[in-house]
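Results of the structural survey
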Amino acid sequence: MARFAAAFLALLSLAGPAAGALNFDAAAARKNRPVSKVITLLKDMMKQLEKEAEEDEEIYDKMACWCETNDREKTKAIA
């Protein structure tokens, strides 16, 4: 199958400008492969997870500060 594809591409390149309607865009073919789609999906998911992790870290820092402050205030109020 790979040999056939290579031979087909070689024939198309030999045809030159006369085969303008039959141009084969290898880059577009690579983007449309199922494996490429999965890789792109995983990369997008990774970006989204990193963004959410940063947001979660900010919220955690705010809650940790509130807990410490609240703990000190409650300890003073009890004593």
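To be clear, the structure that these remarks concern was listed above.
What counts, and where the lines are drawn
- Residues numbered from 1 in each chain as written.
- Predicted model: local features only at pLDDT ≥ 70, side-chain atom pairs only at ≥ 80, totals over all residues.
- Heavy atoms only, no water.
- Helix = DSSP H or I, 4+ residues; strand = E, 2+ residues; numbered from the N terminus.
- Buried < 20%, exposed > 50% of the residue type's maximum accessible area, 1.4 Å probe, protein only.
- Areas by Shrake-Rupley, 256 points an atom, 1.4 Å probe, with all protein chains shown as cover.
- Patch = residues over 30% accessible without salt bridge, like charges linked within 9 Å, V, L, I, M, F, W, Y side chains within 5 Å.
- Salt bridge = Lys/Arg side-chain N within 4 Å of Asp/Glu carboxyl O.
- Lys, Arg positive; Asp, Glu negative; His and termini not counted.
- Charge placed at Lys NZ, Arg CZ, Asp CG, Glu CD.
- Disulfide = S-S within 2.5 Å.

On to the overall build of the protein chain. Within the protein chain, the regular secondary structure consists of three helices and zero strands. When the helices and strands of the protein chain are placed in sequence order, the string is α-α-α. Looking at the protein chain as a whole, 4% of its 79 residues qualify as buried. For the protein chain, the accessible area works out to roughly 7500 Å², and carbon and sulfur atoms hold 64% of it.

Attention now goes to a negative patch on the surface. On the surface, E50, E52, E54, E55, D56, E57, E58 and D61 cluster together to form a negatively charged patch. Mapped onto the elements of the fold, D61 is located in helix α3 (residues 34-78). With a relative accessible area of 44%, D61 lands in the partly exposed category.

A surface patch of nonpolar side chains, amounting to about 370 Å² of accessible area, comprises V38, L41, L42 and M45. The exposure class assigned to V38 is partly exposed, which follows from its relative accessible area of 46%.

For the rest of this paragraph, the subject is the state of the cysteines. Enumeration according to the criterion identifies zero disulfides in this entry. Left without a disulfide partner, C65 is nearest to the cysteine sulfur of C67, which lies 9.3 Å away. The partly exposed category is assigned to C65, whose relative accessible area is 46%.

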